[in-house]
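So you can see what is in the structure, the chains are spelled out below.
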Amino acid sequence: MNDFPNEEAAMPYSPDSSTESSSPVHHVKQRHEQELMAIDGVEGVGVGRNSIGDDAILVYLRSDDIKARIPRSIDGYPVETKVTGIIDAL
Amino acid sequence: MDKQNPKKGAKEQGEQGGYQEPPAEVVRKVVEEPHEEEAGLQGFSEPGQDFAEEAAAPEMDATSFGVDQNILEVKQQIESQLMQAAGQQAAGPLAVDAFQGAGNIVGVGIGVSLPPTSTPGSEVVSSGLYPGKQALNLYVVERTPVEEMKAHVAQSMGVSAAAADDIPINVIVTGVIEAQPHRFRMRPAPGGVSVGHFKITAGTIGCLSVGRTAPRNSRLMVLSNNHVLANVNAGTFGDCICQPGPIDGGRCPADQIAILERFVPINFTAGAANFVDCATGWCWPDRVRRELVHIVGGAPQFFRIGSVPVAPVVNMAVGKSGRTTQLTRGTIIDVNATITVNYSGRLALFRDQISIRGAGGTVFSAGGDSGSSIWTWDASRRPVGLLFAGGNGITFANKIGRVLAALDINLVT
């Protein structure tokens, strides 16, 4: 009972990022993630589907006007944009 | 119950027996340390000076405002009757005739006479009224003639003055006024309700968990976010966690349910990757329960979720129960999002996140829902994610498998 009053609560987690999904669309997303995130107003990049169900690269934007700076497709995959604004911790 | 004495109570617990209580030494430390400045609540003025001035001013007095003394007295008598009735109702389910007679009244107030159709969705049945005249407002579940309501108030409630002809009454149909139990204190506390480290505002209890190895495999723990239970890296082992969270009125130690046990630090270094925003609070077993809660017809209903995680896939239907938006349904639209998340001005990069859109254009989450567990919208309700962020109608969640690995826990559901 009194063995752990000074226990450390902070426990870092550093997983091997190769545990992330490895399908072709995920590879494309991972390859282009940095350059997309470097665009001012891009809040995130992900993998989902477009409106007709094809695999797609998702790009989360701070505002609608940034859409013009995002390519329509990347390495053959369609790009879908979503306006999230700044993503806040809830 | 035994709020002041955290040591008592847990041992004889049937369903959640076998768990160890948080250590007494740490608890004592916490109890003796009243919360200092509440970082999460900065920017709010202290109650006091501003109000004190107003209260001292004679024209703020209710009677000199011109409130009719008879109406005020009747209102106060009905109010005390309602408070007594509320105390009795809380003890058990509502009876079938709960809304008949005086039970029809769900609220009381003072207003001015209302024209018959002034309130959309409500019907007003007035007596002895003329425009601008003061009146007693009775809020009721079902439409009832005003003379009948007067009789109920006079007889069932014993407020005979209400029957007098010179007490004008508005009968306003509101139906059952839905409370927000997700923000209230509940014991034992289920998943889906307000919780927080004593220095934050409020988040949500995701569900319960247990450590995978000794000594943590004898600890029953609430699962939520680091920014809910550990004040964004600032918390230390033993810190008080209260239910409801401080912004919902929770105080330490009176409302304490757990102590901070473990958290995964959020790395704000540019370029550093985070995968989870999660923490555990070591509970007194008798203060929590494994079910989640949602509201049906104004009353809390409890339900269980699965304990074995399932990997998210795009288009999976999911649900969550949270402190702010309560029970909601949504669809997973992304299973590998890399996002920048704003923690009150500090930015952190998160990788391999789930994103969710509310079903049918609804909102899946809002501020205060952080920490909610996200589960498959089917009978198995298998855990998928831990809600932590959002923007403009899109919600982001950690993958639950990573959360369990990072905290070295299993779910207790």
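Residues numbered from 1 in each chain as written. Chains lettered and ligands numbered in written order. Predicted model: local features only at pLDDT ≥ 70, side-chain atom pairs only at ≥ 80, totals over all residues. Heavy atoms only, no water.

Draft legend 1. Representation of the overall build of chain B. A count of helices and strands for chain B gives six helices and 22 strands. Relative to its 413 residues, chain B shows a buried fraction of 52%. Relative to all contacts within chain B whose residues are 6 or more apart in sequence, the contacts with residues 24 or more apart total 69%. Carbon together with sulfur atoms contributes 53% to the accessible area of chain B, which is approximately 17,700 Å² in total. (Helix = DSSP H or I, 4+ residues; strand = E, 2+ residues; numbered from the N terminus. Buried < 20%, exposed > 50% of the residue type's maximum accessible area, 1.4 Å probe, protein only. Contact = heavy atoms within 4.5 Å. Areas by Shrake-Rupley, 256 points an atom, 1.4 Å probe, with all protein chains shown as cover.)

Draft legend 2. Looking closely at the interface of chain B and chain A. Chain B puts 55 residues into the contact, and the matching count from chain A is 38 residues. Between chain B and chain A, roughly 3,800 Å² of surface is buried when both sides are summed, and carbon and sulfur atoms account for 55% of that area. The salt bridge partner of E7 of chain A is R219 of chain B, with a shortest N-O separation of 2.9 Å. Seen at the junction of chain B and chain A, the total is 23 residue pairs in polar contact (both at pLDDT 80 or more). Those elements giving two or more residues to the side of chain B that touches chain A turn out to be α1 (24-32), β11 (256-263), β17 (326-343), β18 (346-358), β20 (383-391), β21 (394-399) and α6 (400-407) of chain B. Top element by residues in the side of chain B that touches chain A is β17 of chain B. It accounts for 11 residues. The pairing of strand β1 (residues 42-49) of chain A with β17 of chain B spans two bridges and is classified as antiparallel. If you follow V45 of chain A over to β17 of chain B, its bridge partner there is T338 of chain B. (Buried area = accessible area lost by both parts, 1.4 Å probe. Salt bridge = Lys/Arg side-chain N within 4 Å of Asp/Glu carboxyl O. Polar contact = N/O pair within 3.5 Å; in protein donor to acceptor, adjacent residues only side chain to side chain. Pairing = 2+ DSSP bridges.)

Draft legend 3. Main features of helix α1 (residues 24-37) of chain A. Compared with the 20 Å implied by 1.5 Å per residue over 14 residues, the 20 Å span of α1 of chain A between its first and last C-alpha is a close match. Within α1 of chain A, the axis deviates most sharply at R31 of chain A, by approximately 40°. All buried positions along α1 of chain A are accounted for by V25, H26, V28, K29, H32, E33, L36 and M37 of chain A. Contacts from the buried residues of α1 of chain A go to β1, β2 (55-61), β3 (73-74) and β4 (77-83) of chain A together with β17 and β18 of chain B. (Expected span 1.5 Å × (residues − 1). Bend = angle between axes of the 7 residues up to and from the residue.)

Draft legend 4. View of the sheet that holds strand β13 (residues 279-283) of chain B. Residue and element names in this part refer to chain B. Pairing is antiparallel in the open sheet, where eight strands are placed in the order β7-β6-β10-β11-β13-β9-β8-β22. Unpaired on one side and paired on the other, β7 (203-204) and β22 (409-412) mark the two borders of the sheet. Pairing geometry for strand β6 (residues 194-197) and strand β10 (residues 240-242), over two bridges, is antiparallel. Bridge pairing in β10 links H197 to I241. Sheet strands in contact with α6 are β9 (220-224), β11, β13 and β22, and its direction is about 120° off that of β22. (Axes fitted to C-alpha atoms, helices over the stretch in contact; angles between N-to-C directions.)

Draft legend 5. Seen up close, the packing of aromatic side chains. All told, the structure shown has seven aromatic pairs over all chains when counted by the stated rule. An angle of 80° between the planes, with centres 5.2 Å apart, marks the rings of Y60 of chain A and F396 of chain B as edge-to-face. You can see Y60 of chain A sitting in strand β2 and its partner F396 of chain B sitting in strand β21, one on each of two chains. Relative to F388 of chain B, the ring of F350 of chain B lies with its centre 4.7 Å away and its plane at 45°, an arrangement referred to as tilted. Of this pair, F350 of chain B sits in strand β18 while F388 of chain B sits in strand β20, and the two are 38 residues apart along the sequence. (Phe/Tyr/Trp six-rings, centres within 6.5 Å; stacked < 30°, edge-to-face > 60°.)

Draft legend 6. Representation of the pattern of salt bridges within the structure. Within this structure, the stated rule accounts for 15 salt bridges over all chains. Put simply, D75 of chain A and R31 of chain A hold a salt bridge, and the shortest N to O gap is 3.2 Å. Taken together, the positions of D75 of chain A in the loop between β3 and β4 and R31 of chain A in helix α1 put the pair 44 residues apart, joining distant regions of the chain. We classify D75 of chain A as partly exposed; its relative accessible area is 45%. With relative accessibility at 55%, the residue R31 of chain A sits in the exposed group. Note that E33 of chain A is salt-bridged to R351 of chain B, the shortest N-O span being 2.5 Å. On the criterion of chain membership, the pair formed by E33 of chain A in helix α1 and R351 of chain B in strand β18 is interchain, its members lying in two chains. Look at R351 of chain B and you get buried, because its relative accessible area is 15%. Taken together, the shared-partner salt bridges in this structure form one network comprising E7 of chain A together with R216, R219 and E261 of chain B.

This is a description of form; function is not addressed.
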